[in-house]
Amino acid sequence: MTTKKYILIACGLLCLLSVAYGQKRETYFFSAEDMANIRSSAQTPWGKTIVDTLKSHIDERLKYPLAVPKEEAGHLHDYFCPVHNVFFEFDWNSPDKQYCSFCKKTWSSDRINWAWITIAQDRNKQFLTDYKYVYLATGDKKYARYMKDMLLDYADKYPHYKIHDKGRNTPEPANYSAKIYAQSLDEAGWFSDVCRVYSVVKPLLKKGEVEKIEKGLLKEGAGLLLKRGGGGNWQVWNNSGLAAIGVALNNDSIVKVAVEHTKVGYRQMMKTHVNRDGWWNEGSANYHFFPLRAMLLTAGAVRSMGYDLWDKQLEMMFVAPIKSIYSDLTFPSHNDGWYGVSLSTQIRLYEVAYARYKNPLLLNTLQDCYRLEDRLSPEALLTNTTIHPDKELKESESYLFGQTGYGVLRSGKKSVVPKYGPSGGGHGHPDKLSISIHNGEKEILPDLGTCAYGIPDYLNWYKRTLSHNTVTVDCKDQRPATGQMVYFDNHSIEAFCDKAYPGVEMKRKLLLKGDTLCDEFDCISDTIHQYDYVLLLTEQPQIEGEFTGAKLDEAVAYKQIRNVKRSVMNHPFTVSTPTGKITFRVDGVPSFEL
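Residues numbered from 1 in each chain as written. Predicted model: local features only at pLDDT ≥ 70, side-chain atom pairs only at ≥ 80, totals over all residues. Heavy atoms only, no water.

A few points about the nonpolar core
Here comes step 1: By size, the foremost hydrophobic cluster in this structure holds 126 residues, and its most contacted members are L217, L218 and L314.
Here comes step 2: Dropping the residues within four chain positions of it, L218 is found in contact with F191, C195, Y198, I213, I245, A248 and L249.
Here comes step 3: Ranked by size, the runner-up nonpolar core spans 20 residues in total, among them I437, A495, C497 and A500. (Core = buried A, V, L, I, M, F, W, Y, C linked by side-chain atoms within 4.5 Å. Buried < 20%, exposed > 50% of the residue type's maximum accessible area, 1.4 Å probe, protein only. Contact = heavy atoms within 4.5 Å.)

Structure (structure tokens):
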């Protein structure tokens, strides 16, 4: 009896001690080791360059008023010239007139000017982030003052921002709307970064300042994001924002929602959206790195809350892009991917990944990137590692991303990339069996990716089959479909698709050896169709023969093409470009149009 009482009392004491210990737990975004690495790195020549660069950015921002915008922001994709599809030149002194360097004139509309506020909020976030790293590197408290003042300004204004969408409407239900920004996606990203700033400056704040920021900003933000979501990249950013707020507030329940929610938590998103080959399932480099940063931030945030998310699956998301790049470190612009995206633009992610995983492949990748870029990412300070750029990029082997559905055939530095896989959802393109070609110096047969979503050409051209190097049937776009790989080895690939066009089976075989590519495209059907085999060249072609003016079909994509000329061919012919030759042969018909 006495023994049982003793055991019960001991257990009770143990539970109480556990609670007390939990209450005293300190959460953090930067561990003691991280902060030591940052300070040590800042003493190296390359680290001093990073810190000096950040200071110059800060000095430039201080030339303009630091007051947080009073109005709500718009949508980033509206900050493009509607004529030339180029980004306006941002000017702190011109919130209502946006300059296009191509038009040589200014533009102004509600949506364009609301998008200016979006840029301003993004630059404030970067300003805070720059201050955060300089303070961590130097320990100079003068850098904390500006962080404190801006956070308090946001805490004053955030409760008064209206929930709105990109048209400044108040939608019901408010699924994707936000307060600072027009999208909860952007709001979550903002909190992901700004909570880290708050955690760094918090020890220097007075009690009333802590309460004001946590009540007026962080708890308000949590209340909004807990009611948002949407799946895919939206959801992983929502989780990242919640994880950051949860850690900043030392709130287990918020972090648990971000990580463990059975339908939309971090772990479930990894199961649902990350393919076995390492790619995010929206099928482009842009829409891979975009959610990858959210996952990276989430993993870094919740370490102090007892979660270890630095697993093999997350590591594979860094490895997969390395196996798919061209020799100049750029990517094919699949689906809604921006054209010309380079691995070197993602240096900061790979610096963090190397700091956590110490994978030699990640180090080699950084060495390759620093052949082309200076080492200026503040995340590099986390590694406390001097990196010497490689003098020459190592040649990669051919590789198949079976679940994502494309291959990379390589011969030396030359690459051919056929695409056959899943549609990619809302950010996918109707482009089954399309190809991209890089000659080792530049892309000569591109996938053009996308433009800004607010530009008419987005739907009229970029989201159409005709804008891809594949076959269109009867001037129509392909249906959403998934092709299949038949064969793959180091030199060749064969794939087919019979769902893109009803009643038509398409097959494409590619053989790359040395400097020669053989491309065999077969279309099989029981009825007659118009088949348009499309190649979009980046070099001016030279073609012998007589050509006359012509008009294409009235389908939307065909109407985007100007200065059309045609010639009737009845034999093989060759097209010459400055860097190569293409010989065409069409079987099964007496003549065909070029």
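Now that the structure has been shown, the text picks up again.
Points about the packing of aromatic side chains
Here comes step 1: For the structure on display, the rule yields 32 aromatic pairs.
Here comes step 2: Residues F30 and Y133 carry aromatic rings whose centres are separated by 6.1 Å and whose planes lie at 80° to one another, so their mutual orientation is edge-to-face. Taken together, the residues F30 in the loop between α1 (2-24) and α2 (32-41) and Y133 in helix α4 (residues 110-138) connect sequence positions 103 residues apart. Assigned by exposure class, F30 and Y133 land together as buried. (Phe/Tyr/Trp six-rings, centres within 6.5 Å; stacked < 30°, edge-to-face > 60°. Helix = DSSP H or I, 4+ residues; strand = E, 2+ residues; numbered from the N terminus.)

Digging into the pattern of salt bridges
If the charged atoms of two oppositely charged side chains come close together, the side chains can form a pair.
Here comes step 1: Taken as a whole and judged by the stated rule, the model has 26 salt bridges.
Here comes step 2: R111 is paired through a salt bridge with D78; the nearest N and O atoms lie 3.3 Å apart. With R111 in helix α4 and D78 in the loop between α3 (45-61) and β1 (98-100), the pair connects residues that are 33 residues apart, well separated along the chain.
Here comes step 3: Among the salt bridges present, the one from K432 reaches D431, with a minimum N-O distance of 3.7 Å.
Here comes step 4: Judged by its relative accessible area of 2%, K432 falls in the buried class.
Here comes step 5: A relative accessible area of 0% places D431 in the buried class. (Salt bridge = Lys/Arg side-chain N within 4 Å of Asp/Glu carboxyl O.)

Quick notes on the state of the cysteines
Here comes step 1: Inspection of the entire model under this criterion finds zero disulfides.
Here comes step 2: Looking at the unpaired C523, the closest cysteine sulfur is the one in C497, lying at 11 Å. (Disulfide = S-S within 2.5 Å.)

Describing unusual backbone geometry
Here comes step 1: Of note in the backbone geometry, L329 takes a positive phi value of approximately 75° without being a glycine.
Here comes step 2: By secondary structure assignment, the location of L329 is in the loop between α12 (312-322) and β3 (333-338).
Here comes step 3: L329 gets classed as buried once you look at its relative accessible area, which sits at 1%.
Here comes step 4: One non-glycine residue, C475, lies in the positive phi region at around 65°.
Here comes step 5: In this structure, C475 sits in the loop between β10 (471-473) and β11 (484-488).

Notes on the packing of helix α5 (residues 142-157) against helix α7 (residues 207-225)
Here comes step 1: Following both chains from N to C, one finds α5 and α7 inclined at 45°, their axes separated by 8 Å at the closest point. Here α7 runs oblique to α5, going by the angle between their axes. Relative to α7, α5 is oriented so that their crossing is left-handed. Contacts between α5 and α7 pair K148, L151, L152, Y154, A155 and D156 from the former with E209, K212, I213, G216 and L217 from the latter.
Here comes step 2: Taken together, the residues of the contact of α5 with α7 break down into six nonpolar, one polar and four charged. (Axes fitted to C-alpha atoms, helices over the stretch in contact; angles between N-to-C directions. Parallel < 35°, antiparallel > 145°, perpendicular 65-115°, else oblique. Left-handed = near helix turned anticlockwise from the far one by under 90°. Nonpolar A, V, L, I, M, F, W, Y, C, P; charged D, E, K, R; others polar.)

With respect to the side chain of T129
Here comes step 1: Positionally, T129 belongs in helix α4.
Here comes step 2: The class of T129 is buried, set by a relative accessible area of 10%.
Here comes step 3: The residues contacting T129, other than those within four sequence positions of it, are D193 and V197.

Regarding the sheet that holds strand β14 (residues 516-525)
Here comes step 1: Read across the open sheet, the four strands follow the order β11-β12-β13-β14; overall the sheet is antiparallel. Lying at the two open borders of the sheet, with one neighbouring strand each, are β11 and β14. Each adjacent strand pair in this sheet contributes to an overall mean axis angle of 15°, direction not counted.
Here comes step 2: Both strand β13 (residues 504-513) and β14 contribute to a ladder of ten bridges, which runs antiparallel. Across the sheet, R508 pairs through a bridge with F521, a residue of β14. (Pairing = 2+ DSSP bridges.)

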